[in-house]
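Take a look at the letters that make up each chain.
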Amino acid sequence: MKELKQVLLLTIREKRDVSIAIFFGFLAGIAGVALMASSGYLISKAALTSQMTILIVMGACLKLFGLVSALSRYAERLFSHRATFTMLSNLRVSFFERLEPHAPQIFQKYRSGDLLARIVGDVESLQNFLLRYFIRQSFLGSSF
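Nothing here was measured: the structure is a model prediction, and the numbers come from that model.

Asker: Teacher, can you tell me more about the overall build of the chain here?
Answerer: The helix and strand inventory of the chain stands at five helices and zero strands. Secondary structure of the chain in N-to-C order comes out as α-α-α-α-α. When each of the 144 residues of the chain is scored for burial, the buried share is 28%. Considering only contacts in the chain between residues 6 or more positions apart, those separated by 24 or more positions represent 80%.

Here it is as structure tokens:
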């Protein structure tokens with residue numbers, strides 16, 4: 001529980017990037033819904049009407065919603081990854097600051113390669129947790 005509290009504090013420290021990622025994730029979801037709705041409307045109008053202006057406007061809307069969806073998805077991934085990697089960087093720095101005073105005792109018990117492999121493995125698993133679950137599922141609520 002203490003470790004999760006530290007991860008939450010790191011998230012609060014990076015709340016700007018997390019908030020921007022949430023905004024762009026929400027925008028991408030709305031753009032995806034608008035893209036589906038306008039494409040359905042375009043198909044139904046193309047079958048029922050012969051007015052070219054409606055079809056041209058709906059085609060332009062499709063292009064706009066597709067572009068907004070792609071760009072907002074890209075921005076969401078950019079800001080969520082930046083927040084995650086900044087959190088991991090801060091976590092690594094705080095870990096090594098705490099590890100440094102105990103280094104002589106630890107290196108008497110463990111070999112340095114084993115210790116480094118264990119640290120890198122733990123940070124990699126935390127990276128996967130932060131990227132795939134914590135930011136996307138907890139804050140965005142999306143399954144993308």
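Asker: What is the right way to read the side chain of aspartate 17 from this model?
Answerer: Structurally, aspartate 17 is set in helix H2 (residues 15–48). With a relative accessible area of 5%, aspartate 17 lands in the buried category. Once residues within four sequence positions are removed from consideration, aspartate 17 is found in contact with Phe79, Arg82 and Ala83.

Asker: Mind showing me how you'd approach H2 here?
Answerer: Structural remark: α-helix, 3.6 residues per turn; residues separated by three or four positions point the same way. For H2, built from 34 residues, the straight-helix expectation of 50 Å at 1.5 Å per residue is met to within 8% by its first-to-last C-alpha distance of 49 Å. Asp17, Val18, Ala21, Gly25, Ala28, Ala31, Ala34, Ser38 and Leu42 are the residues of H2 that are buried.

Asker: Whenever I open this one, a nonpolar patch on the surface confuses me. Can you help?
Answerer: Judged by side-chain polarity, Leu4, Leu8 and Phe129 come together as a nonpolar surface patch covering roughly 230 Å² of accessible area. Structurally, the position occupied by leucine 4 is in helix H1 (residues 2–13).

Asker: Quick question: what am I supposed to make of the nonpolar core here?
Answerer: Generally speaking, soluble globular proteins have nonpolar side chains that are buried together. Counting eight residues, the largest nonpolar core consists of Leu10, Val18, Ala83, Met87, Leu88, Leu91, Val123 and Leu126. For this core, the leading source of residues is helix H3 (residues 52–99), giving four residues.

Asker: Sorry, what's going on with the pattern of salt bridges here?
Answerer: Pairing is possible between side chains of opposite charge, provided their charged atoms come close. Applying the stated criterion to the full structure yields three salt bridges. One salt bridge connects arginine 16 with aspartate 17, and the closest N-O pair in it is separated by 3.5 Å. Where salt bridges share partners, they join Arg16, Asp17 and Arg82 into one cluster.

Definitions and cut-offs
- Residues numbered from 1 in each chain as written.
- Predicted model: local features only at pLDDT ≥ 70, side-chain atom pairs only at ≥ 80, totals over all residues.
- Heavy atoms only, no water.
- Helix = DSSP H or I, 4+ residues; strand = E, 2+ residues; numbered from the N terminus.
- Buried < 20%, exposed > 50% of the residue type's maximum accessible area, 1.4 Å probe, protein only.
- Contact = heavy atoms within 4.5 Å.
- Expected span 1.5 Å × (residues − 1).
- Patch = residues over 30% accessible without salt bridge, like charges linked within 9 Å, V, L, I, M, F, W, Y side chains within 5 Å.
- Areas by Shrake-Rupley, 256 points an atom, 1.4 Å probe, with all protein chains shown as cover.
- Salt bridge = Lys/Arg side-chain N within 4 Å of Asp/Glu carboxyl O.
- Core = buried A, V, L, I, M, F, W, Y, C linked by side-chain atoms within 4.5 Å.

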